[in-house]
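# Understanding the architecture of this molecule
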Amino acid sequence: MTENNESIREQTGYHITDATESANLPTPFGVFNIIAFKDEQNKEHAAVYMGDITTDEPVLARIHSECLTGDTMFSLKCDCGFQLEAAMKQIAKEKRGVLLYVRQEGRGIGLFNKIKAYHLQDKGLDTVDANLHLGFPADARHYEICAEMFNYLKVKSIKLMTNNPLKVAEMKKYNINVVERVAIEVGRNKYNENYLDTKEDRMGHLLTHGNN
């Protein structure tokens, strides 16, 4: 573990407990490398990266929270799958970058509860009120593990692909040097318009209405 990660552990107690060696990951967009991590809750996360990400030049980066329905089942209820694909394509285009795939399904409430929240959304609640109705915060994710993963990979500074200013603030909180926020607005459609509008209006995401 790096000294930076030692500091994070002292602050939070939420940290990497194990990591694999890197392996090749060929994709339709290019050949990446992948490393898997375990945390103290025995959850497994991954870093997918391309090029030399250890230099002083800021690294294009994405923190992507797991979304089974969007990432693997092509759901149109969110923009997650669209963002995952767009981020990997952009990293491949630049031939350098890193995507952290973090196992925090449903903004941290898990798949089971996310589907319960979907049911409430079908009845008219928005994504925030559905979580609150189930007894969860609007966003239950933690970002300490992301900072530890960046430190483990020896990433010095990042250009973070996100519409969520909270991710920028959280990385800065854990001393990750975010030099730029890169918008990643993709996948708006008739099924997720209300979802995206709620993220903008109630969660502070930086979005442009009507973007496609």
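This text gives an overview of the structure that appears in the document. It should be emphasised that the depicted structure is a prediction, and the values quoted were computed from it without experimental measurement.

Criteria and thresholds
- Residues numbered from 1 in each chain as written.
- Predicted model: local features only at pLDDT ≥ 70, side-chain atom pairs only at ≥ 80, totals over all residues.
- Heavy atoms only, no water.
- Helix = DSSP H or I, 4+ residues; strand = E, 2+ residues; numbered from the N terminus.
- Rg over C-alpha atoms; globule rule 2.2 N^0.38 Å.
- Buried < 20%, exposed > 50% of the residue type's maximum accessible area, 1.4 Å probe, protein only.
- Contact = heavy atoms within 4.5 Å.
- Areas by Shrake-Rupley, 256 points an atom, 1.4 Å probe, with all protein chains shown as cover.
- Phe/Tyr/Trp six-rings, centres within 6.5 Å; stacked < 30°, edge-to-face > 60°.
- Lys NZ or Arg CZ within 6 Å of the ring centre and 35° of its normal.

Across its full length, the chain holds nine helices and eight strands. Relative to a compact globule of 212 residues, whose C-alpha radius of gyration would be 17 Å, the chain shows 17 Å and is just as compact. Along the first, second and third principal axes, the C-alpha atoms of the chain reach 50 × 35 × 30 Å. Expressed as a percentage of its 212 residues, the buried residues of the chain come to 49%. By sequence separation, contacts in the chain at least 24 residues apart represent 61% of the contacts at least 6 residues apart. When the accessible surface of the chain is split by element, carbon and sulfur atoms take 51% of a total near 10,400 Å².

Another aspect to go through is the packing of aromatic side chains. Within the structure shown, the criterion is met by one aromatic pair. Judged by centre distance (5.2 Å) and plane angle (90°), the rings of Phe 37 and Tyr 152 are edge-to-face. Residue Phe 37 is found in strand S3 (residues 30-39), and its partner Tyr 152 is found in helix H7 (residues 144-152); the two are separated by 115 residues along the sequence. Overall, Phe 37 belongs to the buried group, its relative accessible area being 1%. The cationic tip of Lys 77 hangs over the ring face of Tyr 118; the distance from NZ or CZ to the ring centre is 4.6 Å.

An α-helical segment advances 3.6 residues per turn. Residues three or four places apart therefore align on the same side. Those residues of helix H9 (residues 193-203) lying buried are Tyr 195, Leu 196, Thr 198, Lys 199, Glu 200 and Met 203. Looking at the buried side of H9, the elements it contacts are helix H3 (80-94), helix H4 (105-108) and helix H6 (127-133). At the C-terminal side of H9, Gly 204 shows a positive phi close to 80°.

Purely geometric stuff here, so don't read any function into it on its own.
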